[in-house]
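Below, each chain spelled out in residue letters.
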Amino acid sequence: MYYPVTRPRRLRSSATMRRLVRENHLRVDDLIYPLFVTAGRDVQEPIESMPGIYRLSINLLLAEIAKVQSLGIPGILLFGIPDSKDAAGSGAYAANGIIQQAVQAVKDKFPELLVITDVCLCEYTDHGHCGIVQEGKVLNDPTLELLARTAVSHAQSGADIIAPSDMMDGRVRAIRGALDEEGFSGIPIMSYSVKYASAFYGPFREAAGSAPLFGDRKSYQMDPPNLREALSEVEQDIAEGADMLIVKPAMAYMDVIAAVRENFDGPLVAYNVSGEYSMIKAAARLGWIDERQTTMELLTGMKRAGADIIITYHAPDVVRWLNENV
Ligand code: PBG
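First things first, this report covers the structure right here in the doc. (Residues numbered from 1 in each chain as written. Predicted model: local features only at pLDDT ≥ 70, side-chain atom pairs only at ≥ 80, totals over all residues. Heavy atoms only, no water.)

Side note on the overall build of the protein chain
Next up, step 1: Scanning the protein chain from N- to C-terminus turns up 11 helices and 12 strands.
Next up, step 2: For a compact globule of 326 residues, the expected C-alpha radius of gyration is about 20 Å, and the protein chain comes in at 20 Å, within 12% of that figure.
Next up, step 3: Classification of the 326 residues of the protein chain by burial places 53% in the buried group.
Next up, step 4: Put simply, 74% of the contacts in the protein chain that link residues at least 6 apart link residues at least 24 apart. (Helix = DSSP H or I, 4+ residues; strand = E, 2+ residues; numbered from the N terminus. Rg over C-alpha atoms; globule rule 2.2 N^0.38 Å. Buried < 20%, exposed > 50% of the residue type's maximum accessible area, 1.4 Å probe, protein only. Contact = heavy atoms within 4.5 Å.)

Laid out in structure tokens, this is it:
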């Protein structure tokens, strides 16, 4: 009779045994919850392609954050939907802009919660691009100043972490310099260092009304097949002063997360984007997959790939699932 010498199955024999030898864990401390804030009062507009996610006016945002806080989620990522848009995206850096008002209200009521603000122009420009446009081109350098102004105005409103998502070259340095000059040298930058031109942002653009009116974002966001380029973006952002790095999207880029992990020892963030959320929701609604199990498997996979932190629209669900502990 032949007996296998090694029997990996020994360590899979019971739930308790599997718990003991588990290598990676998803924890409440890992999670950041993205939220959309809009003008008005008592506004709660459902986003059709993202069941369970809403555009909230500030008063309802505060109510939602009370829940987030009681679940123990350490941070939120705020996206603003302004009343009006213009060519220069002036709502992004207006002293009384939607994000500036929301951050003040949130920090006032929840001083402990980490408020992270997305710094970009696309939600605020009438053309929907992430920078200043001239003759159909998205200009890099003139955009930097506006991004820096946006970041400073977020910090002045009380933001704890600044997250630039525009993909202009040199923006981390521009933002770092402006923050330092204005007395915010202690505010960290969580840079969307590796952000691909992805179709998985579709539902977000519905949510934020930020789809570009002409063309696409391929001249500034990364080309999905590229990996070495991601490492050079990472190198640049570290040199420019980024404190934490984001890889976005996550599901189709697990190899990128793993490669960045090899090259960066600071906090690494995976952004589980809108389209990833919508796919799970849609298939779960049809009864084709189990929402809880597939979500936990995907998010734990991001941890296994090397992420420390996960930005996910599923954050409150994940905490409830973790607490059920089944
Ligand atoms: C703004 C921004 C986008 C997302 C985060 N910040 C949209 C885009 O780049 O088109 C996408 C997030 C998601 O899909 O969940 N530039």
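Further notes follow.
Details of the layout of surface pockets
One simple way to see leftover space: roll a probe sized like a water molecule over the atoms.
Next up, step 1: Within this model, the second largest pocket holds a volume of roughly 300 Å³.
Next up, step 2: Forming the walls of the second largest pocket are 19 residues, and the residues nearest its centre are Y33, G52, Y54, E64 and K67.
Next up, step 3: Considering every element that reaches the lining of the second largest pocket, the biggest residue donor is helix α2 (residues 58-71), with six residues.
Next up, step 4: Its residues placed into classes, the lining of the second largest pocket shows 13 nonpolar, two polar and four charged. (1 Å grid on protein atoms, 1.4 Å probe; cavity = no way out; pocket = protein on both sides within 12 Å on 5 of 7 lines; lining within 4 Å. Points joined across faces, edges and corners; volume = space filled by probe spheres on them. Nonpolar A, V, L, I, M, F, W, Y, C, P; charged D, E, K, R; others polar.)

Points about helix α7 (residues 228-240)
Next up, step 1: In a regular helix each residue adds 1.5 Å, so 13 residues correspond to 18 Å; α7 covers 19 Å between its end C-alpha atoms and thus fits that length.
Next up, step 2: Burial in α7 covers these residues: A230, E233, V234, D237 and E240. Taken end-on, α7 shows its buried residues confined to a sector of 130°, consistent with a single buried face. In α7, the exposed residues that point more than 90 degrees away from the buried face are R228, E235 and A239.
Next up, step 3: In this fold, the buried residues of α7 make contact with α5 (171-181), β9 (190-195), β10 (244-248) and α8 (254-263). (Expected span 1.5 Å × (residues − 1). Arc of directions from axis to C-beta.)

What about empty space enclosed by the protein?
Next up, step 1: Summed over all chains, the structure comprises four cavities of 30 Å³ or more.
Next up, step 2: A volume near 110 Å³ is recorded for the largest cavity.
Next up, step 3: What lines the largest cavity is a set of 15 residues, and nearest its centre among them are C122, S165, K195, F204 and K248.
Next up, step 4: Of all the elements in the fold, those that place two or more residues in the lining of the largest cavity are β9 and α6 (202-208).
Next up, step 5: The class makeup of the residues in the lining of the largest cavity is six nonpolar, three polar and six charged.

Remarks on the packing of aromatic side chains
Next up, step 1: This model, assessed by the stated rule, comprises eight aromatic pairs.
Next up, step 2: Centroid distance Y192 to Y271: 6.1 Å. Interplanar angle 35°. Geometry classified as tilted. With Y192 in strand β9 and Y271 in strand β11 (residues 268-272), this residue pair connects regions lying 79 residues apart in the sequence.
Next up, step 3: On the accessibility criterion, Y192 (0% relative accessible area) is buried. (Phe/Tyr/Trp six-rings, centres within 6.5 Å; stacked < 30°, edge-to-face > 60°.)

Considerations on the site of the ligand
Next up, step 1: For the ligand, the set of nearby residues contains 19 residues, the closest of which are K195, R205, K248, S274 and Y313.
Next up, step 2: Between the ligand and Y313, the relevant distance is 2.6 Å, taken from an oxygen atom to a side-chain nitrogen or oxygen of the residue.
Next up, step 3: Within the complex, the protein chains bury 100% of what would otherwise be the 400 Å² of accessible surface of the ligand.
Next up, step 4: A molecule is said to occupy a pocket when more than half its atoms come within 2 Å of that pocket's grid points, and by this definition the ligand occupies the largest cavity.
Next up, step 5: Looking at the shell around the ligand, the elements that each hand over two or more residues are β9 and α6.
Next up, step 6: Residues of the shell around the ligand, tallied by class, amount to 10 nonpolar, three polar and six charged. (Near = heavy atom within 4 Å. Polar contact = N/O pair within 3.5 Å; in protein donor to acceptor, adjacent residues only side chain to side chain. Areas by Shrake-Rupley, 256 points an atom, 1.4 Å probe, with all protein chains shown as cover. Sits in = over half its atoms within 2 Å of the grid points.)

Description of the pairing of strand β4 (residues 75-81)
Next up, step 1: Within β4, seven of the seven residues are buried, leaving the element largely enclosed by the surrounding structure.
Next up, step 2: Because side chains alternate across β4, one face comprises the buried residues G75, L77, F79 and I81, and the other comprises I76, L78 and G80, equally buried.
Next up, step 3: Summarising the sheet, strand β1 (residues 31-38) and β4 pair through seven bridges and their orientation is parallel. Considered in β4, the bridge of F36 is made with F79. (Pairing = 2+ DSSP bridges.)

Comments concerning the packing of helix α3 (residues 98-109) against helix α4 (residues 141-157)
Next up, step 1: At a minimum axis separation of 8 Å, α3 and α4 run at an interaxial angle of 25°. By the angle between their directions, the pair α3 and α4 is classed as roughly parallel. The hand of the α3/α4 crossing is right-handed. Residues I99, Q100, V103 and Q104 of α3 form the contact with α4, whose own contacting residues are S153, H154 and S157. (Axes fitted to C-alpha atoms, helices over the stretch in contact; angles between N-to-C directions. Parallel < 35°, antiparallel > 145°, perpendicular 65-115°, else oblique. Left-handed = near helix turned anticlockwise from the far one by under 90°.)

What to know about the side chain of T125
Next up, step 1: Summarising the element assignment, T125 is placed in the loop between β5 (114-119) and β6 (132-134).
Next up, step 2: Of the residues examined, T125 reaches a relative accessible area of 1% and is grouped as buried.
Next up, step 3: Other than its neighbours up to four places away in sequence, T125 contacts K85, D86, A87, A88, G89 and G131.

What to know about unusual backbone geometry
Next up, step 1: With an omega of -10°, the peptide bond running from K248 to P249 counts as cis.
Next up, step 2: With respect to the secondary-structure elements, P249 resides in the loop between β10 and α8.
Next up, step 3: The residue D42 is not glycine, and still its phi comes out positive at about 55°.
Next up, step 4: Inspection of the secondary structure puts D42 in the loop between β1 and β2 (44-46).

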